[in-house]
Structure formats: structure tokens, C-alpha cells
Amino acid sequence: MSFSLYVEVLIQGVLTGLVYGLMALGLSVIFGVVRVVNFAHGEFAVLAMYAAFILFGLFHLDPIVASLPIAAAFFVVGYMLQRTVVQPFVTRPQHEQFILLVGLSIVIVNALLLTFGPESKHTDLSYSFDSYSLGAVLVDKARVYGAAAALVVTTALFAFFRYTLTGAAIRAAADNLTGAAVVGLDVKRLYAISFGVGLACVGAAGSIMMALTDMTPMLGPSLTLLAFTIVIVGGLGSMAGALFGGMLIGVAEALASVIASPSIKSMVSFSLLVLVLALRPQGLFGKAEA
Amino acid sequence: MLVVENLDLCYGDAQALAGVSLEVRQGAVVAIVGANGAGKTSLIRAIAGILKPKRGRILFRGQNIAGLESHRVCNLGIGQVAEGRQVFPTLTVHENLLMGAMIPRAKKRRAENLDRMLALFPRLRERTGQAAGTLSGGEQQMLAIARCLMGEPELVMFDEPSLGLSPAMAQAVLDTIVDLNRQGLSCLLVEQNVAASLELASDAYVLENGAITLSGTGAALLADDRVRQAYLGM
């Protein structure tokens, strides 16, 4: 195989990985702050894909553009969900939280199956088959746009956590929960915002993915698993880790697809997961537990 | 200002507080003395709304605040300098201070209070951009006090403010409490240094196994044989 093919695959992997990273970032934010693992994460991504698909069908709205309104709507959904359903489980044992969110994921998948059927769906964009050429290297236009949108959302998120008072308060609650109660931070509100932010990430990522791949309701569990792999490789609770983990998995899967076969790509990312768990259990960017 | 009446608190089946009653008058320093595990921290956390009492009333300026959420209690003007300082280690000193002023009552004068705190604690001024986790124990205690004052409290509950500090730093912390009290701040003080806390307290209570066993003025308790034997080793 030619060298330019490897460069091409590498670039595609990084671009797709940025979108994966944004999705995983949502999982990481929710876990890092609320300490609840969103086992319905991939299902929310699929829900966002359907939202993007419908918006495309109704208004011919580009899924990459639609990622912004969908992220906003998902923020509201996440906020309400935390306030009503998840908050009472925050102090309960982990297996009960697990049952709650797995239950939610089953409801989402089956509601989608019931409503839209099991057929795979895709959006035909005017630039779906266009690509930029850098010499001999070809890069999909849709992937470039998608990665750019993912970067914009991620940057906005970093700025929110770094520069706003609410962002600092969320970091404070993640840092020291007792301290947060002591100074009178409204922790339940901060949790609701964090869950909202987490779902906004997965909402934007899912919408962008609608421009890149085909989708069926059954995609949910594999996306949840993908988000997990990324977040554990990158380091649970680390924002930079989620993004880097996304790119790493994106590249690893893309390279495995061309070198061996597309069906082997999950094996490569899970091998990476096992390797990281064995050698650096806190993840590449994670802090070791004190 | 603060009246606690017949407070009961349980952790599951274990009773941490049994019928505790006490009063903090406006402008007073009230000390609570007791062995480890006697329920001092539980009492403070119950007043702060972090733990829910099983029975009893907590009146602040006549309003029953028992069972209120902690951010609402804070917003009424009850601040806390918690045991173990409880700073936010990865946030900067500046961010830590701002977190003290997130409650609605303190939002308006946030910038003004920040300047005041940095003037009051020059050591913090030199370190505003530094992560709070990198400060020394004494500096973290100063930060915890300054962060609490950012919320414009009228009553502050200090839980073991000198624990783990060098003697000089411990003295500086106690001096700060005296100064703040002179400026009108009411204080509830739990302190391992029993002699020092009784000396600066107007009233004091002895807490044993979750119940008040003795109370009186600071001076009276300091002279009491039972207190001298049990807590002062005399």
C-alpha cells in the first residue's frame, strides 16, 4: 500500500476521532461531576442522530449545522433528567444507578425501533462524496466539517469550564463535594447543569455523526461501548483525556480497517483498552487515586 | 441569634446527637468542648444543613432552619470554616475565594469583598493564581476563612481551625477569630486547644457522647474541676 494511503487514513482517523471525542467528553463530564456513569450514552447519540435525520428531512437542515440546536435541546433534556430521575439515585449504590440508566437505554432503543423501524437511515448531503485533495491525499469534506464543528463545541466547553463562574463552581463540586456544601454551592443545580452539558456533547456529536455514517436504532450499545473505551483509555473525568482518547481510538480503528479488515477495528480498540487498563489503569490523562 | 433546641441526629442506627440545646448570642464567641467522636462536627454539619436532624429545632433569628438545604442556610448568613479546611485543591486561590460568594446574598459585593480579603490576608494575595492544593496547611486555613467571609456571614462556625498547624500559625488563626469577633462577627468554635478556646469564649458547652453535659461561661468552665481533669489534663 502506498504511503499516501496511510496519511489519508491517519487524517480520517483523527477527524472521526474528534467527533468520537466530543461524544466521550459528555460521558466524562457527567461521571467527573455527578459520579454517575451514563450507561445510556450511546443511545442518546442515536437519539440525536434521529433528531438530525428528521430535521434534515423536514427543513433540509445540514446535520452539522443542526448539531447546535440539537445540543441546546439535549442540554435541556439532560438538565430535566438529572433533576427528576437521576438525582434521587446519586446517593444510592452503583448497581442501582446502573439498572436505572441501562433501563433508560432500553427504553430509548425500543422507542426508536417502534417509531422508525429497524431500517438503516442516512442523509444525502450535497458534499457527501466530495473531498479535499492535498496532493495525492484525499480527505472527505463531510469529515472535515464534522471535525471542525466538534472542535468548536469542545472549545466552547473548555471556555465554559475555565472562564465562567458556573464552570468554576462545577469544577469545585467535582473537586471537593464537602467543600461545595460548606460554601453554599447549590450542588443539585450544578449536577443538573453538568448532566445537561454531558448530553449537549453527545447531542452535538450524534448530530454530526449523521453526516458521516448510516444509522440504525441498534447502534446505541456499540456507541456506548465506544464512549467507554475512549474515556477509560483517556482517563475517566479528564476532558483532555476524552478528546485525546477519541483521536487515538479513531486512528487505531481507521488503520486497523485498511491494514487488516474493517471487521477487526473493534478488536483493536478493545485491545487498546485492555492494554491501558493493565499498564495505566487510571487512563493516559487520568490522575491516580490517592 | 442561633438557638438549638433538643436536637437529635442519627447515622443509621447510631445516635450522634441526643437532645442537644445551645444558644449563640449576637456578637458572642461560643466554644464547644468534647472528645473525638463526641458529636461536635455532627452538630456543626446539622446546623449547616449538610446533615438532616431527626428531631429538634434550629432557630436562626427566630426562623426554624432545621432540615433546610445547605446553600439556603449559607444564604441566611451562617458560614462555616470546616474541619480539614475543605478548599478546592485544583482551583486557584482566586477561584476558591469567588466560590465563597456564589450565594445570592454575597453576589453584589463580590469584587469589593475580594479586595478586602486580599488586604486582610496578604499571604493569599501573593498566591491568587496558584492552585489551592499547593498551599501550606496554614495558608489553606487562611483561604478557608477568607472564602467563608466572602459569603458575608453573620455567624461563622469554626471546626478545628488550628488542627495540624504549627503553634505560630495556630495562634495566628485564633488571633484572626478574635479580630473578626471584635468587628461584630458571632462565632461558634470547636477547637482541640481547649484552654485557648475557653479563654476566648464568652459561653461554652461540654459535649460528651452526643449530649451536653456541662455549660457555663468560658471562664467558669476553665475553672471547673471536671473540665480541668478531662480536657486540660490538670
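Residues numbered from 1 in each chain as written. Chains lettered and ligands numbered in written order. Predicted model: local features only at pLDDT ≥ 70, side-chain atom pairs only at ≥ 80, totals over all residues. Heavy atoms only, no water.

(A) Representation of the nonpolar core within the structure. In terms of nonpolar packing, the biggest core is built from 82 residues, with A:L22, A:M23, A:F44, A:L185, A:L223, B:F88 and B:M99 touching the most fellow members. The element best represented in this core is helix α8 (residues 187–209) of chain A, accounting for 14 residues. With sequence-adjacent residues up to four places away left out, A:M23 is seen in contact with A:H41, A:A45, A:V202, A:A205, A:M209, A:L223, A:L226 and A:A227. By size, the runner-up hydrophobic cluster in this structure holds 50 residues, among which are B:M142, B:V156, B:F158 and B:A170. (Core = buried A, V, L, I, M, F, W, Y, C linked by side-chain atoms within 4.5 Å. Buried < 20%, exposed > 50% of the residue type's maximum accessible area, 1.4 Å probe, protein only. Helix = DSSP H or I, 4+ residues; strand = E, 2+ residues; numbered from the N terminus. Contact = heavy atoms within 4.5 Å.)

(B) Seen up close, the packing of aromatic side chains. Taken as a whole and assessed by the stated rule, the structure comprises 8 aromatic pairs over all chains. With a centroid separation of 6.2 Å and an interplanar angle of 40°, the aromatic rings of A:F75 and A:Y79 are classed as tilted. Within this pair, A:F75 and its partner A:Y79 are both found in helix α3 (residues 63–86), separated by 4 residues, close to a single helical turn. Classification of A:Y79 as partly exposed rests on a relative accessible area of 22%. Members of the aromatic cluster, connected to one another through ring pairs, are A:F39, A:F98 and A:F228. Taking the ring centre of A:F89 as reference, the NZ or CZ of A:R92 above it sits at 4.4 Å. Residue placement shows B:R147 over the ring face of B:F88; its charged tip is 4.9 Å from the ring centre. (Phe/Tyr/Trp six-rings, centres within 6.5 Å; stacked < 30°, edge-to-face > 60°. Lys NZ or Arg CZ within 6 Å of the ring centre and 35° of its normal.)

(C) A look at the side chain of B:Q141. Residues and elements named next belong to chain B. Inspection of the secondary structure assignment puts Q141 in helix α7 (residues 137–149). Under the relative-accessibility criterion, Q141 is labelled buried at 1%. A distance of 2.8 Å separates a polar side-chain atom of Q141 from the backbone oxygen of P161. If we skip the residues at most four places from it in the chain, Q141 touches V81, R85, E160, P161, L165 and V173. (Polar contact = N/O pair within 3.5 Å; in protein donor to acceptor, adjacent residues only side chain to side chain.)

(D) Representation of the interface of chain B and chain A within the structure. On the chain A side, the residues contacting the 22 residues of chain B number 19 residues. Here chain B and chain A share 3 salt bridges between them. At the boundary of chain B and chain A, one finds 6 residue pairs in polar contact (both at pLDDT 80 or more). Contributions of two or more residues to the side of chain B that touches chain A are made by α2 (70–76) and α3 (93–99) of chain B. Residues of the side of chain B that touches chain A, tallied by class, amount to 11 nonpolar, 6 polar and 5 charged. (Salt bridge = Lys/Arg side-chain N within 4 Å of Asp/Glu carboxyl O. Nonpolar A, V, L, I, M, F, W, Y, C, P; charged D, E, K, R; others polar.)

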